[in-house]
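An overview of the molecular structure
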Amino acid sequence: MALLLGLVLLMLFRWLNHYVRQLSRQTAQESGRLAKYLIQTLHAFKYLRATGQIPKLKHGITASISRLTGYEMRRGIADAFTRAISEPIAVVFIMLIVMAQLLYFEQPLVPILVSIVLFYRAINSILGIQHSWQSTLDHIGSLELLHTEFTQLKQHQEADGGHQLGPFSQAIRLQNLHFGYSPELGPVLKDISLDIPAQSSIALVGESGAGKSTLVDLLSLTLQPSSGELLIDGVNAAQLNRTSWRQQIGYVSQETVVFDDSIANNICLWQGDPQQDPQLMAQIEQAARQAHIAHFIQTLPEGYHSLVGDRGLRLSGGQRQRLFIARELFRQPRLLILDEATSALDSESEQAIQQSIDALKGKTTLVIIAHRLSTIRDVDRVYVFDQGRLVEQGGYAELCARPNSRFAKLVALQKL
Ligand SMILES: Nc1ncnc2c1ncn2[C@@H]1O[C@H](COP(=O)(O)OP(=O)(O)O)[C@@H](O)[C@H]1O
Ligand SMILES: [Mg+2]
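Scoring rules and cut-offs
- Residues numbered from 1 in each chain as written.
- Chains lettered and ligands numbered in written order.
- Predicted model: local features only at pLDDT ≥ 70, side-chain atom pairs only at ≥ 80, totals over all residues.
- Heavy atoms only, no water.
- Helix = DSSP H or I, 4+ residues; strand = E, 2+ residues; numbered from the N terminus.
- Rg over C-alpha atoms; globule rule 2.2 N^0.38 Å.
- Buried < 20%, exposed > 50% of the residue type's maximum accessible area, 1.4 Å probe, protein only.
- Contact = heavy atoms within 4.5 Å.
- Areas by Shrake-Rupley, 256 points an atom, 1.4 Å probe, with all protein chains shown as cover.
- Lys, Arg positive; Asp, Glu negative; His and termini not counted.
- Charge placed at Lys NZ, Arg CZ, Asp CG, Glu CD.
- Domains from an automatic or database assignment.
- Phe/Tyr/Trp six-rings, centres within 6.5 Å; stacked < 30°, edge-to-face > 60°.
- Near = heavy atom within 4 Å.
- Polar contact = N/O pair within 3.5 Å; in protein donor to acceptor, adjacent residues only side chain to side chain.
- Nonpolar A, V, L, I, M, F, W, Y, C, P; charged D, E, K, R; others polar.
- Salt bridge = Lys/Arg side-chain N within 4 Å of Asp/Glu carboxyl O.
- Expected span 1.5 Å × (residues − 1).

**Considerations on the overall build of the protein**
What the protein contains, in helices and strands, is 15 helices and ten strands. Relative to its length of 416 residues, the protein is extended, with a C-alpha radius of gyration of 33 Å against a globular reference of 22 Å. For the protein, the residues scored as buried account for 42% of the 416 residues in total. Pairs at least 24 residues apart make up 70% of the contacts formed inside the protein by residues separated by at least 6 positions. Accessible surface, the protein: about 23,500 Å² in total, of which carbon and sulfur atoms supply 58%. Each charge sign in the protein was given a centre, from 38 positive and 37 negative side chains, and these centres are 5 Å apart.

This is the structure we're talking about:
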């Protein structure tokens, strides 16, 4: 009886389960939204405060919190409802059984008292299933989100080719390479063929959005070509052990990367203990000099052991950039990629860093993306991109002298 009745009751609880499941999904989504709001507000706090725009975000955050509170409250009510309802249900049915026994069957009550106790326990246990299931459903929204994340992670996991690349010594070769971020967005790089011999220096030039940074991401194997080939020292990129290649790359990206730690650790990236190891310290100082930041570091009370704050908050934009460059120079990479690395710097620092980079010519392979074309005058080869196509290539002087050259036009524009 208890089993049959319990099953019927569980069926009746289905609408509640549906409701709880919905609530759980909404809660998980809303928590994600709230976290996104908060993280973005914290990241942009200085800007938002300086421009008095915090109230705009505050509105969104408050609304999100009140929605979240609403969901939590309804979940609590649903939970309390299930807890509260099971006891009365059991009691009602026991009374029905007692009434049936006394009035309908006209039997004494005593012989069935034990079965009533058993019935009571059984029905409570069965309703306990509902309670446990409801607690599970309470978390189903978060679980579903997590499951989706894991599925996507698996889908996009990098297949590693396993070929250990020795020190880069011949060339990077791109053959009829096409790339698009997704089919809907269309191609970003179209039919690119070019060579980057080891120890040479090349510059990528073009308007913003032309695909230069995308090309760099392909070189570091962060992105995979849609079609065409990328060969490194004659090995197809798909067959490479990615780490063995990436460890040879130094990359100063458009967004500065600074860690909340000391300057020394920011340069050596916790490779050892700079305070204990004089040799490591000497290397760090050397890199700092090359990046034209040593002088500034010496003016700090704690020198190389000064802390830079969250995302380098205690440094100026230019200092942050130079610290970033110092880290990449410290690594002594075989391929150094500079994606508008010096754009944010004053002319003096830019020139000094330029000299350090010039000193690397012939020792390291250099891929330079620069808006200020004066900084790439001495590279071996210039590649000009336009809307994802490689439209011109040649030496700086050669391209300048070429009639109707797009590059010459760009140079002329910057001289104005
Ligand atoms: N992660 C991304 N997802 C989708 N599209 C992107 C992404 N990154 C860049 N793009 C698009 O690809 C094009 C080339 O961008 P990018 O390589 O950054 O240009 P550049 O560095 O030459 O200024 C742009 O149109 C940009 O909108
Ligand atoms: Mg870019």
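What follows picks up the thread again.
**Structural notes on the domain arrangement of the protein**
Interfaces are frequently sized by the accessible area removed from exposure as the parts join. Here the domain parsing of the protein yields domain 1 (2-153) and domain 2 (171-415). For domain 1 versus domain 2, the distance between C-alpha centres works out to 54 Å.

**With respect to the packing of aromatic side chains**
By the definition in use, this model includes six aromatic pairs. Taken together, a centroid distance of 5.3 Å and an interplanar angle of 85° make the contact between tyrosine 396 and phenylalanine 407 edge-to-face. Of the two residues, tyrosine 396 sits in helix 14 (residues 396-401) while phenylalanine 407 sits in helix 15 (residues 406-415), which places them eleven residues apart along the sequence. Neither residue differs from the other here; tyrosine 396 and phenylalanine 407 are each classed as buried.

**Remarks on the site of ligand 1**
Near ligand 1, the surroundings consist of Tyr181, Leu185, Val188, Glu207, Ser208, Gly209, Ala210, Gly211, Lys212, Ser213 and Thr214. Glycine 209 is positioned such that a nitrogen or oxygen atom in its backbone is 2.7 Å from an oxygen atom of ligand 1. Within the backbone of glycine 211, an N or O atom sits 2.9 Å from an oxygen atom of ligand 1. In terms of residue count, helix 7 (residues 212-219) provides more of the shell around ligand 1 than any other element does, three residues in total. For the shell around ligand 1, a count of residues per class yields four nonpolar, five polar and two charged.

**Considering the pattern of salt bridges**
Following the criterion strictly, the structure yields 13 salt bridges and no others. Among the salt bridges present, the one from glutamate 328 reaches arginine 331, with a minimum N-O distance of 3.3 Å. Overall, the relative accessible area of 5% leaves glutamate 328 in the buried class. Assessed through its relative accessible area of 36%, arginine 331 is described here as partly exposed. Put simply, lysine 361 and aspartate 358 hold a salt bridge, and the shortest N to O gap is 2.8 Å. Given a relative accessible area of 23%, lysine 361 falls into the partly exposed group. Salt bridges sharing common partners tie together Glu30, Arg33 and Arg67.

**Focus on helix 5 (residues 113-138)**
Between its first and last C-alpha atoms helix 5 spans 37 Å; for 26 residues at 1.5 Å apiece the expected length is 38 Å, and the two agree. Buried positions along helix 5 lie against helix 1 (2-12), helix 2 (14-43), helix 4 (54-104) and helix 6 (140-155).

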